[in-house]
Amino acid sequence: MTSVNQEQVAPAAGGESRNLRTRIIAALVLAPAAIGIAWAGGVLWIGLVTLAAIGMYVEWLTIVGTAQDKQTVAAGIAALVLSGLSLALGYGAFSLVVLVIGTAAVAAVSRRLRLWSVAGFCYAAAAAFASAQVRLDDAYGFVALIFVMLVVWAADIGGYFAGRGIGGPKLWPRVSPKKTWAGAIGGFAGGLVVAAGFAAVGIGKLTPLLLLAAFLSVVSQSGDLFESAVKRRFGVKDSSQIIPGHGGLLDRLDGFVAAIVVAALFGFLRGDANGIGHALMVW
């Protein structure tokens, strides 16, 4: 009995190790590329977030089973492309109007599961628009964007290692069987470390950044759980296999989408005339 158990555990451990290596390699390739394009900003960044939004929209439709509806796919993609072009040309208000019209168009042409298709379009559109708006501020846009990215990545990494290393009670087993409370706390702590690091190098004040990072860490993990709930609702494990070791764009960006949308909304509500990035980083 003991030897059988050891044989069963060894392949599983080896699989976990290989999967972790694959995740790390993919991250080492994708993270610098994303940071570089974020630093460049402008058309490059808008182009990237538009392409990502299109990919997420198609993955969402695939999950819910409406990707074969060509009209639904085409209406959403057309609206996202036109919105991205409008943002690239500096017409932010028109871009928002396009997305509202796109939502109505997706609803009009969807033949079944209309609410799910519309939800997928709104999810992707909000991610693209918020990502563009946060970066728009020349003075603080890049810094604010990187802050959100690092908080999300730290929450993901902290949650992964704390969850694997400590284990313990499950966070929400019906939605995500592998996530634990230890992982959630580890992810929360990871976000705080990022805030402390920014404050240590003179970017922002410690207390506001800690509060912002704490909030975004929780939002990021909630976004992850939301995407897991959608996949579980439709019996899907991964949104796709486009990213080695990570699954699909939705799997990789679920936490970022939630965090960047909430960050953009928070910056907008603060009403800083210097831009959303300034509102997030300067208190």
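An account of the accompanying structure is given in this report.

Conventions adopted
- Residues numbered from 1 in each chain as written.
- Predicted model: local features only at pLDDT ≥ 70, side-chain atom pairs only at ≥ 80, totals over all residues.
- Heavy atoms only, no water.
- Salt bridge = Lys/Arg side-chain N within 4 Å of Asp/Glu carboxyl O.
- Pairing = 2+ DSSP bridges.
- Helix = DSSP H or I, 4+ residues; strand = E, 2+ residues; numbered from the N terminus.
- Axes fitted to C-alpha atoms, helices over the stretch in contact; angles between N-to-C directions.
- Parallel < 35°, antiparallel > 145°, perpendicular 65-115°, else oblique.
- Left-handed = near helix turned anticlockwise from the far one by under 90°.
- Contact = heavy atoms within 4.5 Å.
- Nonpolar A, V, L, I, M, F, W, Y, C, P; charged D, E, K, R; others polar.
- Buried < 20%, exposed > 50% of the residue type's maximum accessible area, 1.4 Å probe, protein only.

The final tally for this structure, using the stated rule, is five salt bridges. Among the charged side chains, a salt-bridge network with shared partners connects Glu227, Lys231 and Asp251.

Let us now look at the pairing of strand β2 (residues 176-180). As paired elements, strand β1 (residues 170-172) and β2 share two bridges and run antiparallel to each other. Across the sheet, Trp172 pairs through a bridge with Ser176, a residue of β2. Linking β1 back to β2 in an antiparallel pair, the connection comprises three residues.

Turning next to the packing of helix α6 (residues 141-166) against helix α8 (residues 206-233). In a packed pair of helices, the relevant descriptors are the angle between the two axes and the axis-to-axis distance. Running from amino to carboxyl end, α6 crosses α8 at an angle of 55°, the nearest separation of the two axes being 9 Å. Considering the angle they form, α6 stands oblique to α8. With respect to the hand of their crossing, α6 and α8 are arranged in right-handed fashion. Here Phe147, Val148, Val151, Val152 and Ala155 of α6 come into contact with α8, specifically with Leu209, Leu212, Ala213, Leu216, Ser217 and Ser220. Looking at side-chain class alone, the contact of α6 with α8 contains nine nonpolar, two polar and no charged residues.

Let's shift gears to the environment of Leu48. Among the secondary structure elements, Leu48 is positioned in helix α2 (residues 42-64). Counting along the chain gives 199 residues from Leu48 to Gly247, while the straight-line C-alpha distance between them is 19 Å.

As a further point, take the side chain of Arg135. Counting through the fold element by element, Arg135 comes out in helix α5 (residues 114-136). Beyond its immediate sequence surroundings of up to four residues, Arg135 is in contact with Ala38, Trp39, Ala40, Gly41, Trp45, Gly141, Phe142 and Leu145.

Among the secondary structure elements, Asp224 is positioned in helix α8. Given the relative accessible area of 18%, Asp224 is considered buried. Contact partners of Asp224, with chain neighbours within four places excluded, come to Lys179, Asp254 and Gly255.

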